[in-house]
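Structural features, examined
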Amino acid sequence: MLEKRRKPVITPDDIRADLDRFSRRAFLRGSLSLGGLAMLTGCNLSTDSGVDAALKAILRFDDKIQAKLFDPARLAQTYPASAITEPFRFNAYYPDWQVRGVPDDWRLEVAGQVTDKKAWTLDALQSLPQESQITRHICIEGWSQVGQWRGVPLAVFLRKIGADTRAKYVKFTCFDDYTTSIDMASALHPQTILALEFVGKPLTPEWGAPVRLRIPTKLGFKSAKNLRAIEVTNSFAGGYWENQGYDWFAGV
Amino acid sequence: MKNPAQASMRPAHSLPVRIMHWVNVYALCCMLFGGWEIYNASPDLPFLFPQWATLGGWLGGALAWHLSAMWLLVINGAAYVLYGIFSGHFKRDLPPPSPKAFLRDMWAAVCLRLPHKTGHYNAVQRLLYGGVICILVIEVLTGLSIWKPVQFGGLVSLFGGFVLARNIHLAMMILIVGFIVVHLALVAIVPRTLVSMFKSVPSDPQEANDA
């Protein structure tokens, strides 16, 4: 079971590793390396060089291959409750002491190519059919952990709001200013859920309260937490990490 | 009659093998240097690769290199394997050595009495080259497993699951680096082998027996 979260008392020592990591990255972006020299670089996707353009083009090609490899009927492996990772590792684009609480007037907004744009309360979402899953959350960094989530299958929700499921993308916006987007085929996958619970308890803010996306057929950064709005759209929507160079499809 | 001087001049390998070797050098460098940066994002062993030895600058850049160069590595590797099978290169040059032949040549190598014949593999070379080809195949298969653990679920179970597949991927990387270190050390001892991967060199082992 999850430990009760205590009010965090942060000392510089607690976040030294993060601070070092950030300063190291800032330094690296401007630096050359042996690998870089050998392959004609500073090419790290942040410049307009020809090599970066080629890398981005190949990433878009990879996205097409990934979409072709995606089998809508193939399920991610599920695990017994004994396999659930404890303690579960927190991850976001900020450290855990910056986790934001749920706004008082929170509603899940719905936008784009849908017939019913009424915003949803948590109670209304809880009244929809729920599915539970114990699946592996795989981070793009290489680590992975098994967790349990329960919530509304996104396909059920999309039908409920009268979404045009021929649209290309579903975009997620979060109240911590995170964004991501996924292809419609993955959105309709049976294991793609709007999770309301984590390991048998309503989501707390650090695990994505009040509603998060949980999509075990994609890398962890696609499972956006702290959702504020869902948009069904035909215009490519990118995302927080995707716009910096992570591959957009990010299928596993 | 053949001119003996002319007959003893040859490159180490056929032109396709030499081209595929150098393409592989480039692809493998991209995979290794990018892979080390990816490893650094979540190191499982108690060390990091130094930044000067990595490619891409950050995780996203490194993944872009890794997932781009993989096409070159796989296409070039597949072409090499097909060429090796159909041209007779594998059968002629890379039959697995008998343990006896391996021990004999290994002992000769340790005593620095193993001649290097251009274009001919001794038993130690056969084991090393054959071995690194098998390791590269495992490296590609475990790479596919951790790239697409859901879509290639069967392959992942073959390697004992996602976590184990990733560890095997890292272990094979270390073996590949080990091979490269030995390979480069031997090239440094017999420098004309480097030239012979570009053009013809005298193949007389007596003349070149400087190892």
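You'll find the structure just up there.
Residues numbered from 1 in each chain as written. Chains lettered and ligands numbered in written order. Predicted model: local features only at pLDDT ≥ 70, side-chain atom pairs only at ≥ 80, totals over all residues. Heavy atoms only, no water.

Along the backbone of chain B there are ten helices and two strands. Going from N to C terminus, chain B has its helices and strands arranged as α-β-α-α-α-α-α-α-α-α-β-α. Per-residue burial for chain B yields a buried fraction of 44% across its 211 residues. In chain B, of all internal contacts separated by at least 6 residues, the share reaching a separation of at least 24 is 64%. (Helix = DSSP H or I, 4+ residues; strand = E, 2+ residues; numbered from the N terminus. Buried < 20%, exposed > 50% of the residue type's maximum accessible area, 1.4 Å probe, protein only. Contact = heavy atoms within 4.5 Å.)

In globular proteins that are soluble, nonpolar side chains generally tend to be buried together. In this structure, Leu125, Leu154, Phe157, Leu158, Phe172 and Leu194 of chain A are the most contacted members of the largest nonpolar core, which totals 49 residues. Every element with two or more residues in this core is listed here: α5 (154-160), β4 (169-174), α6 (184-187), β6 (193-198) and β9 (227-233) of chain A together with α3 (59-86) of chain B. With residues up to four places along the chain from it excluded, the contact list for leucine 154 of chain A reads Phe172, Ile182, Ala187, Thr192, Ile193, Leu194 and Leu213 of chain A. (Core = buried A, V, L, I, M, F, W, Y, C linked by side-chain atoms within 4.5 Å.)

All names here are of chain B. At a minimum axis distance of 12 Å, the contact between α3 and helix α6 (residues 123-147) shows a crossing angle of 140°. Taken together, the axis directions place α3 and α6 in an arrangement best described as oblique. In this structure, the crossing between α3 and α6 has a hand that is left-handed. Where α3 abuts α6, its residues Leu67, Met70, Leu73, Val74 and Tyr80 lie against Ile133, Val140 and Trp147. (Axes fitted to C-alpha atoms, helices over the stretch in contact; angles between N-to-C directions. Parallel < 35°, antiparallel > 145°, perpendicular 65-115°, else oblique. Left-handed = near helix turned anticlockwise from the far one by under 90°.)

Where like charges cluster on the molecular surface, the positive patch consists of Lys56, Arg60, Lys64 and Lys68 of chain A. For lysine 56 of chain A, the location among the structural elements is in helix α3 (residues 50-69). (Patch = residues over 30% accessible without salt bridge, like charges linked within 9 Å, V, L, I, M, F, W, Y side chains within 5 Å. Areas by Shrake-Rupley, 256 points an atom, 1.4 Å probe, with all protein chains shown as cover. Salt bridge = Lys/Arg side-chain N within 4 Å of Asp/Glu carboxyl O. Lys, Arg positive; Asp, Glu negative; His and termini not counted. Charge placed at Lys NZ, Arg CZ, Asp CG, Glu CD.)

Right, let's get into the sheet that holds β9 of chain A. All names here are of chain A. Ordered by their spatial adjacency, four strands build an open sheet running β1-β9-β4-β5, and the pairing between neighbours is mixed. With partners counted over all chains shown, the strands left at the sheet margins are β1 (109-112) and β5 (179-183), one partner each. Ignoring which end each strand starts from, the neighbouring axes of this sheet average 20° apart. (Pairing = 2+ DSSP bridges.)

This brings us to the pairing of strand β3 (residues 144-153) of chain A. Residue and element names in this part refer to chain A. With eight of ten residues buried, β3 lies mostly within the body of the structure. Pairing analysis gives eight bridges linking strand β2 (residues 131-138) to β3, with the strands arranged antiparallel. Of the residues in β3, the one forming a bridge with arginine 136 is valine 146. Count of turn residues in the β2/β3 antiparallel hairpin: five residues, of which glycine 142 carries a positive phi of about 115°.

So, on to the packing of aromatic side chains. This structure, assessed with the given rule, holds 29 aromatic pairs over all chains. When the ring of phenylalanine 47 of chain B is compared with that of phenylalanine 49 of chain B, the centres are 5.3 Å apart and the planes differ by 75°; the resulting orientation is edge-to-face. The exposure class of phenylalanine 49 of chain B is buried, given its relative accessible area of 13%. Cation over ring: arginine 214 of chain A sits above tryptophan 149 of chain A, and NZ or CZ is 4.2 Å from the ring centre. Sitting over the face of the ring of tryptophan 147 of chain B, lysine 148 of chain B holds its NZ or CZ atom 4.6 Å from the ring centroid. (Phe/Tyr/Trp six-rings, centres within 6.5 Å; stacked < 30°, edge-to-face > 60°. Lys NZ or Arg CZ within 6 Å of the ring centre and 35° of its normal.)

A surface patch of nonpolar side chains, about 420 Å² in accessible area, is lined by Val81, Leu82, Ile85 and Phe86 of chain B. Within the fold, phenylalanine 86 of chain B resides in helix α3.

Let us look at the interface of chain B and chain A. Taken residue by residue, the interface counts 35 residues in chain B and 42 residues in chain A. Buried area between chain B and chain A, both sides added, is near 3,300 Å², and the carbon and sulfur share of it is 69%. In this assembly, chain B and chain A are joined by zero salt bridges. Between chain B and chain A we count six residue pairs in polar contact (both at pLDDT 80 or more) in total. For the side of chain B that touches chain A, the secondary-structure elements that each account for two or more residues are α2 (15-41), α3 and α8 (162-189) of chain B. With ten residues, the single largest contributor to the side of chain B that touches chain A is α3 of chain B. In the side of chain B that touches chain A, the residues fall into 23 nonpolar, ten polar and two charged. (Buried area = accessible area lost by both parts, 1.4 Å probe. Polar contact = N/O pair within 3.5 Å; in protein donor to acceptor, adjacent residues only side chain to side chain. Nonpolar A, V, L, I, M, F, W, Y, C, P; charged D, E, K, R; others polar.)

Take unusual backbone geometry next. Residue and element names in this part refer to chain A. Cis peptide bonds are those with omega within 30 degrees of zero, and the linkage from glutamate 86 to proline 87 qualifies with -5°. Relative to the helices and strands, proline 87 resides in the loop between α3 and β1. The amide bond that connects alanine 209 to the next residue, proline 210, takes the cis arrangement and shows omega of -5°. Positionally, proline 210 belongs in the loop between β7 (201-202) and β8 (212-214). Phi angles above zero are rare outside glycine, and valine 199 is one such case at about 45°.

Now for α3 of chain B. Residues and elements named next belong to chain B. Taking 1.5 Å as the rise per residue, α3 with 28 residues should run 40 Å; its terminal C-alpha atoms sit 40 Å apart, in good agreement. At alanine 69, α3 shows its largest kink, close to 25°. Of the residues trailing α3, glycine 88 is marked for its positive phi of about 85°. (Expected span 1.5 Å × (residues − 1). Bend = angle between axes of the 7 residues up to and from the residue.)

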